[in-house]
Structure formats: C-alpha cells, structure tokens
Amino acid sequence: MAREEILKKVTTILIEMLLVEDVIEEETSLIDNLVMDSIQLLEFIIKLEETFGICVKPEKLSAELFDRVGAVVDFIEKNID
C-alpha cells in the first residue's frame with residue numbers, strides 16, 4: 001500500500017473519530033494539535049489494527065509513535081503485510 005493511501009486512511013479515521021474540520025498533515029501532532037486523550041488514543045489504535053490488519057503490541061507503544069501523524073504512517077508502513 002502506498003504511503004499516500006495509508007496517510008489518507010489515517011486522516012479519515014482521525015476526522016471521523018474526532019469530528020475535526022482542520023487539515024491533518026503528516027506533521028500534525030495527535031496530542032498537541034488534535035488534543036487526543038488516552039481513551040481516544042486506544043480507540044485510534046483499535047481502528048488502525050482493524051483498518052490495516054496490523055497488531056500494535058504494548059511494547060511497541062511509545063510517545064514518539066503517537067507524536068505526529070507521520071510517525072503513525074511510518075509505523076504502519078513497517079508493519080503492514
């Protein structure tokens with residue numbers, strides 16, 4: 001799957017979850033810009049797993065992974081089948 005397609009799916013998930021109208025780009029911070037809390041992050045992880053068929057193991061979770069949208073896309077690229 002191309003990076004652009006992954007980015008589009010990730011941004012669609014975020015827009016639907018958070019009901020935001022802001023432009024979401026690779027540099028958008030999930031915490032600072034989108035103000036996601038811990039429950040929303042867990043819901044986001046579940047949606048990513050369902051959408052991309054990946055498994056986000058607890059030991060892989062880090063602040064850096066969810067720092068910005070581009071980091072999430074990087075993680076999916078590395079872990080997608």
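As the structure is a prediction and not an experimental result, all values here were calculated from the model. For every chain, the first residue of the written sequence is number 1, and numbering continues from 1 onward in sequence order. Totals for whole chains, interfaces and linings use every residue, but because this is a predicted model, local features are given only for residues with pLDDT of at least 70 and side-chain atom pairs only at 80 or more, for both listing and counting. Just so you know, side-chain values use all the structure's heavy atoms and leave hydrogens and water out.

Novice: Provide a residue-level description of the packing of aromatic side chains, including the pertinent values.
Specialist: Side-chain rings of Phe, Tyr and Trp (the six-membered ring for Trp) are treated as a pair once their centres are within 6.5 Å; stacked means planes under 30 degrees apart, edge-to-face means over 60, and tilted covers the remaining angles. In the structure shown here, the tally under the stated rule is one aromatic pair. For the ring pair Phe44 and Phe66, a centre distance of 6.3 Å and an interplane angle of 70° mean the geometry is edge-to-face. With Phe44 in helix H2 (residues 38-52) and Phe66 in the loop between H2 and helix H3 (69-79), this pair connects stretches of sequence that are 22 residues apart. With respect to burial, Phe44 and Phe66 carry one shared label: buried. Per the convention used, a helix needs a DSSP run of H or I reaching at least four residues, while a strand needs a run of E reaching at least two, with both numbered from the N terminus. Throughout, exposure labels follow a simple rule: accessible area from a 1.4 Å probe, protein chains only, divided by the maximum for the residue type, with under 20% read as buried, over 50% as exposed, and the rest as partly exposed.

Novice: Which residues make up the pattern of salt bridges, and what values do they have?
Specialist: For this analysis, a salt bridge means a side-chain nitrogen from Lys or Arg found within 4 Å of a carboxyl oxygen belonging to Asp or Glu. For the coordinates displayed, the defined rule picks out five salt bridges. When the shortest N-O distance is used, the salt bridge between Arg3 and Glu77 registers 2.5 Å. Taken together, the residues Arg3 in helix H1 (residues 3-18) and Glu77 in helix H3 connect sequence positions 74 residues apart. Here Arg3 falls in the partly exposed class, since its relative accessible area comes to 21%. A salt bridge links Arg68 to Asp74, with the shortest nitrogen-to-oxygen separation between them at 4.0 Å. What emerges from the salt-bridge pattern is a single network uniting Arg3, Glu26, Glu27, Arg68, Asp74 and Glu77.

Novice: Could you give me a rundown of unusual backbone geometry, with the residues and numbers involved?
Specialist: One non-glycine residue with positive phi stands out, namely Leu19, at about 55°. Within the secondary structure, Leu19 is located in the loop between H1 and H2. The class for Leu19 is exposed, based on a relative accessible area of 72%. Within the chain, Val35 stands out as a residue other than glycine whose phi angle is a positive 50°. Looking at the element boundaries, Val35 is found in the loop between H1 and H2.

Novice: Would you mind going over the environment of Thr12 in detail, with residue names and values included?
Specialist: Here Thr12 lies in helix H1. For Thr12, a relative accessible area of 35% corresponds to the partly exposed category. Placed 21 residues apart in sequence, Thr12 and Asn33 show a C-alpha to C-alpha distance of 16 Å. Polar contacts here mean pairs of N or O atoms no more than 3.5 Å apart (in protein, one a potential hydrogen donor and the other a potential acceptor; neighbouring residues in sequence count only if both atoms are side-chain atoms). A distance of 2.8 Å separates a polar atom in the side chain of Thr12 from the backbone oxygen of Lys8.

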